[in-house]
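# Breakdown of the fold
Residue strings, one per chain:
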Amino acid sequence: MSKYHVTTTINGDEVDFTCYADQTLLEVLREDLNMTGTKNGCGSGDCGACTVIVNGRPVNACLVLGAELDGANIETIEGMSTGTELHPLQQKFLDHAALQCGICTPGFLNMAKALLEKNPEPTETEVRYALAGNLCRCTGYDKIVRAVLDAAAEMRESTS
Amino acid sequence: MRYEAPETIEAAVALLAAAGKTARVFAGGTDLIIQIKEEMIEPGMLVDIKKIKETREVILDDDEIRIGASVTGAELGENKELKKLFPGVVEAVQLIGSDQVQGRATIGGNFCNASPAADSVPALIASGAKAVVAGPNGTRTAAVEDLLIKPGQLSLAPGELIISFCLSRPPKNTGDAYLRFIPRSEMDIAVVGAGVSVTLNPDGTCAAARVALGAVAPTARLVEQAPDILLGKELDERVLAELAAAASATCQPINDKRGTIKFRTSVAGVLACRAIKIAWERAEKN
Ligand SMILES: Cc1cc2nc3c(=O)[nH]c(=O)nc-3n(C[C@@H](O)[C@@H](O)[C@H](O)COP(=O)(O)OP(=O)(O)OC[C@H]3O[C@@H](n4cnc5c(N)ncnc54)[C@H](O)[C@@H]3O)c2cc1C
Ligand code: FES
Ligand code: FES
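Values in this document were obtained by computation on a predicted structure and should not be read as measured data.

Okay, the overall build of chain B next. Helix and strand counts for chain B come out as 13 helices and 14 strands. Seen along its three principal axes, the alpha-carbon backbone of chain B occupies a region of about 60 × 45 × 35 Å. Residue burial in chain B is summarised as follows: out of 286 residues, 54% are buried. Look at the contacts in chain B between residues 6 or more apart in sequence, and 59% of them connect residues 24 or more apart. Split by element, the accessible area of chain B, about 12300 Å² in all, is 51% carbon and sulfur. Each charge class in chain B can be summarised by its mean position, and for the 32 positive and 36 negative side chains these summaries are 4 Å apart.

And the structure:
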């Protein structure tokens, strides 16, 4: 089976990789690039644990092929903090205890980040709908929703 | 498996025709990647059509609207102009999956996967959409409902692919709508889906109507009697009852964990009536 050479930007850095036609972005990230922050929950688009942002849109990395990403701009959880300074969403997840095992957290954070970029002042209902494709099996959704709403408020304050 | 991403229709057709049955068109991959990973299919080649311009654009001409097959749900939802013309079609596509799935799932892929429950299909049928199909013998156009054969299968010849969906610009006083029943509020597959498009006469009676149902038969279906029931009529209780009966009579559903035959048949009637009320109201305002 032949391999494909792909040039991407991941979290601002140019990253080249080679992959087989049937390798998903999730497999490329975790197995070849050693970027294990993106989690594998279901591999079928149901759980959202693998959510990353490709060309500005949140997608399930398990439902994207590596081979189709030449020229793509990819954002993963590894690029969310600035050095050791956490993104407001990350900080609010800690403050609100919005995680337990943490498997779902990178996906929730990326999804919430994409939501707030599009809609800086979401209602609770909007947050719940935006996060409908992310499953959490231990924390429950309430703390997660509170953390996102709180982070949104703080981010609005710091930009106004 | 090979991966190819041709930039022209001709190149895609040539690749598909040369590879025969082992090649698959690849759009958003939200069905295909799962089928490959679960070893339900083992294609020798994926032909990614997202670099082909004609599959990626939405063109709003004076008399005709063209929606590229590989336009995603998220992109359709952001197209305000299209949403005004065909709110039902856009709503149907936007019901597909989560926001993450919306960023990838295409209208063409949803149609071509040929699931009986695919949300876009009843809405496309109701709106009178035609598929523009390219293949080794050139381009043809077919009413979408004529392409549906059975679950998972369309009447596309080897080497053929859908380039776009073509809709007539809706006449004055036209409205469409799509509703589905699912036991949850998000992230589920339709137990019943109903798409409706109506055009009203200046006196407020029905001038044209198409009603289509999903998830209640091996393929999405047009309710053939709907025009007979509706044309020239106002939307009163008697007409609604007749429409509900005709919708239920169109059903040939299965029993499964999502719903029994009896439930699906009954809900099809209810949803057809609810959807036509929305479409009617939109038509009055347009
Ligand atoms: C978590 C999740 C939730 C979902 N929820 C829903 C839902 O609520 N409602 C619903 O209807 N669907 C739902 N789906 C399925 C939906 O995502 C797909 O049907 C999607 O629309 C398919 O589009 P795609 O671009 O991803 O197609 P792909 O996976 O790329 O292709 C699908 C099939 O169509 C063929 N194909 C694609 N484009 C063309 C073309 N232009 N010409 C010829 N053949 C073509 C492919 O060869 C393949 O057989 C869900 C999927 C997931 C993963
Ligand atoms: S691992 Fe991708 S959605 Fe679950
Ligand atoms: S914290 Fe464990 S699944 Fe969400």
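Across the boundary between the two partners, chain B contributes 25 residues, which contact 28 residues of chain A. Taken over both partners, the interface formed by chain B and chain A buries close to 2200 Å², and the fraction arising from carbon and sulfur atoms is 59%. Put simply, chain B and chain A have 4 salt bridges between them. In this structure, E27 of chain A engages K37 of chain B in a salt bridge whose closest nitrogen and oxygen atoms are separated by 3.0 Å. On the surface where chain B and chain A come into contact, there are 9 residue pairs in polar contact (both at pLDDT 80 or more). Contributions of two or more residues to the side of chain B that touches chain A are made by β1 (2-4), α2 (32-37), β3 (45-48), α4 (73-78) and α7 (99-102) of chain B. When the residues that make up the side of chain B that touches chain A are grouped by side-chain class, the tally is 9 nonpolar, 7 polar and 9 charged.

Once that is clear, we can look at the packing of helix α2 (residues 88-95) of chain A against helix α5 (residues 141-159) of chain A. To characterise two packed helices, one gives the angle between the axes of the helices and the distance between these axes. All names here are of chain A. At a minimum axis separation of 8 Å, α2 and α5 run at an interaxial angle of 135°. As the angle between them shows, α2 and α5 are arranged oblique. Between α2 and α5 the crossing geometry is right-handed. Side by side, α2 and α5 meet where P88, L89, K92 and F93 of the first sit next to I144, A147, V148, D150, A151, E154 and M155 of the second. Looking at the contact of α2 with α5, its residues break down into 8 nonpolar, no polar and 3 charged.

Analysis parameters
- Residues numbered from 1 in each chain as written.
- Chains lettered and ligands numbered in written order.
- Predicted model: local features only at pLDDT ≥ 70, side-chain atom pairs only at ≥ 80, totals over all residues.
- Heavy atoms only, no water.
- Helix = DSSP H or I, 4+ residues; strand = E, 2+ residues; numbered from the N terminus.
- Buried < 20%, exposed > 50% of the residue type's maximum accessible area, 1.4 Å probe, protein only.
- Contact = heavy atoms within 4.5 Å.
- Areas by Shrake-Rupley, 256 points an atom, 1.4 Å probe, with all protein chains shown as cover.
- Lys, Arg positive; Asp, Glu negative; His and termini not counted.
- Charge placed at Lys NZ, Arg CZ, Asp CG, Glu CD.
- Buried area = accessible area lost by both parts, 1.4 Å probe.
- Salt bridge = Lys/Arg side-chain N within 4 Å of Asp/Glu carboxyl O.
- Polar contact = N/O pair within 3.5 Å; in protein donor to acceptor, adjacent residues only side chain to side chain.
- Nonpolar A, V, L, I, M, F, W, Y, C, P; charged D, E, K, R; others polar.
- Axes fitted to C-alpha atoms, helices over the stretch in contact; angles between N-to-C directions.
- Parallel < 35°, antiparallel > 145°, perpendicular 65-115°, else oblique.
- Left-handed = near helix turned anticlockwise from the far one by under 90°.

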